[in-house]
Amino acid sequence: MTNSESTVNNGVNVEALLGAREALSDAPEAAQFSWRASCEWKKGTHSRTVVEGYYGLGEEHSHKTSFSFDADHPETFAAEDNGATPVEIVLVGLASCLTAGIAAVAQHRDIQIHSCKATIEGGMDIQGILGVDSEVRNGFNGIRVHYDIDADATEDEISALVAQSQKRSAVYDVVTNPTNVTVDVN
Amino acid sequence: MGSLRKTTTVIIGAGHAGLAMSKCLSDLGVDHIVLERGQVANSWCAERWDSLRLLTPNWQSRLPGYSYKGDEPNGYRSMPEVIQFISDYANFISAPVQVNTNVLKVRATEYGFKLLTSQGEWECKTLVVASGACNIPNVPKIAKNIASKLETFTPIQYRNPDQLPQGGVLVVGASATGVQLANEIHLSGRPVTLSVGEHVRVPRFYRGRDIKWWMDASGLLDESYDEIDDLRRARRVPSLQLTGSKNPIILDLNHLSSIGVKLVGRVAGMNEGSLQISGSLKNITKLADLKMDRLLDGIDEWAEKNFLNGEIGKSERFKTTNVDESPSLAIDITSGEVKTIIWATGFRPDLSWLDVPVLNHKGEIRHNGGIVEYPGMYLLGMQFLRKRKSSLIDGAGDDARFLSKHLRAYIDGSLT
């Protein structure tokens, strides 16, 4: 368990996270967060999405700076390729969420990570999005993530880090479980 | 309604926990009554399926002043045997049990507590809640939408496969209840799909001994609530994936898939006529495999230190759980393939009668090792109340011994 004499440093403030967990289990209303993004169409399949503010702990917050994400489609799709495709951005979200989780869980378990690299791949049959075959789903037919991790731990301990990070990951949950999506228009 | 009766302590529930407390209070000379909604060992009589046997071996059900004397210490009690055991204990300790007394309301008074029951009112200075951890089946919200389309059962309603229509059965939950029901229903000729959420995989036997022997001998079951890293989580860990049977087997997911039970992920939602299944099955089984190996590593270490290596079987590891490359992500409940759903998704206590402000936002009693936040009130029989074994019959004794002393000191005004 983490203690003040520990020399393990993955750059994660576990004490703060554990403190938050303790505080929020007695004040569930403060745990209600709302994450937001605003997206504007540019041209063709190109859009720019900006992430700036979010709500949590009972009040509005801003990121230190606003972040913007260009999304487009590659030339294979007769587009201009001004950014990653939206499905690639989903992979970015999943890989970065799992990786953050691995670092946090490792810190909590007193495991020093030296390097942690993931490759992620989502398979897709585009007959779905093109409307060629209505039995083919639009989304990924499967996602594979491969981790290469160098850490001061046994193979089983490293496997357990990766498994625990999936168990606690928001994006893993978003991808593996259904979510109600409501879209309206002015 | 009778007149108001007074006693020092009312114990609610005449199961193993309430009776253990009754014995300890008698030993300390505390005047008390045990109120029981039905008969002694009521849940075991009325709310369990026919084939169920205790998950702990006979020798392990030790109650204050009482233990197993038969010639099958390693067997597992059937339900009639559990009922007999607990009733014999009630007689042995001459417990002051008032049966057929349903507690309808409990509120705090200046004196202590006032109870409204189906047999009149009681007033007491101290109260022990031993009404059980498994009164109400925890079914997910979507169960409501499904009830009209399929036969549905909770483990409290289920008795045996003959109750179910012919055709497919979806068992939701892969802890002790889920794997046992999946096994017997599949063997009855009804094709079973098992929806697997988080579970605790352990082998029934390891190195020639019952896993419960190892957990007891190595001190794991005696781990205390104030030494545990994440108590909130420890109190929610699902039941061990075990079965107690006449001819005991290792009833794990590999065994179930080998006999033809189909494994799918956790039920995550419902969309029109289709149950949506989580894509996390691989990770769920991986977590359980790794966790089992950690338990077995700990047992091996303990065996090594305690010079048991010559007397016991060789260390071994079990096959990792085998799941399909791409398990189904949806189950169509309108196709007729599945006729029945069984929700083996856990239980929670029924505290609807409790009108004392001690519940947290999840409806659980706030307590510190069984000492409830409200002075004079005590809790027993809950998961990891004071020790890892608190929810077992074998755990009630230690908890009752400690809490009865605290209760006595509270009455005497000598609490420090």
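How each quantity is defined
Residues numbered from 1 in each chain as written. Chains lettered and ligands numbered in written order. Predicted model: local features only at pLDDT ≥ 70, side-chain atom pairs only at ≥ 80, totals over all residues. Heavy atoms only, no water. Helix = DSSP H or I, 4+ residues; strand = E, 2+ residues; numbered from the N terminus. Expected span 1.5 Å × (residues − 1). Buried < 20%, exposed > 50% of the residue type's maximum accessible area, 1.4 Å probe, protein only. Contact = heavy atoms within 4.5 Å. Buried area = accessible area lost by both parts, 1.4 Å probe. Salt bridge = Lys/Arg side-chain N within 4 Å of Asp/Glu carboxyl O. Pairing = 2+ DSSP bridges. Axes fitted to C-alpha atoms, helices over the stretch in contact; angles between N-to-C directions.

**Observations concerning helix α1 (residues 16-27) of chain B**
Residue and element names in this part refer to chain B.
Then, in step 1: Look at α1: 17 Å from first C-alpha to last across twelve residues, which is about the 16 Å you get at 1.5 Å a residue.
Then, in step 2: The element α1 is largely enclosed, with a buried count of ten among its twelve residues.
Then, in step 3: For α1, the complete set of buried residues consists of H16, A17, G18, L19, A20, M21, S22, K23, C24 and L25.
Then, in step 4: Of the surrounding elements, those touching the buried residues of α1 are β1 (5-12), β2 (32-35), α3 (79-92), β3 (97-98), β6 (120-129) and α10 (393-412).

**Focus on the interface of chain B and chain A**
Then, in step 1: Contact with chain B, which involves 22 residues of that partner, is made by 19 residues of chain A.
Then, in step 2: Contact between chain B and chain A buries roughly 1500 Å² in total, counting both sides, with carbon and sulfur atoms accounting for 47%.
Then, in step 3: Among the residues of chain B in contact with chain A, R232, N283 and L290 of chain B are the three that bury the most area, contributing 30% of the side total.
Then, in step 4: Joining chain B to chain A, the criterion identifies four salt bridges.

**Quick notes on the sheet that holds strand β16 (residues 267-271) of chain B**
Residues and elements named next belong to chain B.
Then, in step 1: Spatially, three strands are ordered β16-β17-β18 in an open sheet, and the strand pairing comes out antiparallel. The sheet is open, and its two borders are formed by β16 and β18 (330-332), each paired with just one other strand. Averaged over all adjacent pairs, the angle separating strand axes in this sheet is 25°, with direction ignored.
Then, in step 2: Looking at chain direction, β16 and strand β17 (residues 274-277) are connected through four bridges and run antiparallel. Opposite N271, over in β17, you have S274 as the bridge partner.

**Description of helix α9 (residues 281-305) of chain B**
Then, in step 1: Under the 1.5 Å per step criterion, the end-to-end length of α9 of chain B is 37 Å for 25 residues, consistent within 8% with the ideal 36 Å.
Then, in step 2: The positive-phi residue at the C-terminal boundary of α9 of chain B is F307 of chain B, with phi of around 55°.

**Overview of the environment of I146 of chain B**
Residue and element names in this part refer to chain B.
Then, in step 1: Mapped onto the elements of the fold, I146 is located in helix α4 (residues 143-147).
Then, in step 2: I146 sits 231 residues away from M377 along the chain, and the two C-alpha atoms are 40 Å apart.
Then, in step 3: With residues near it in sequence (within four places) discarded, I146 still touches T152, M270, L275, I333, I341 and W343.

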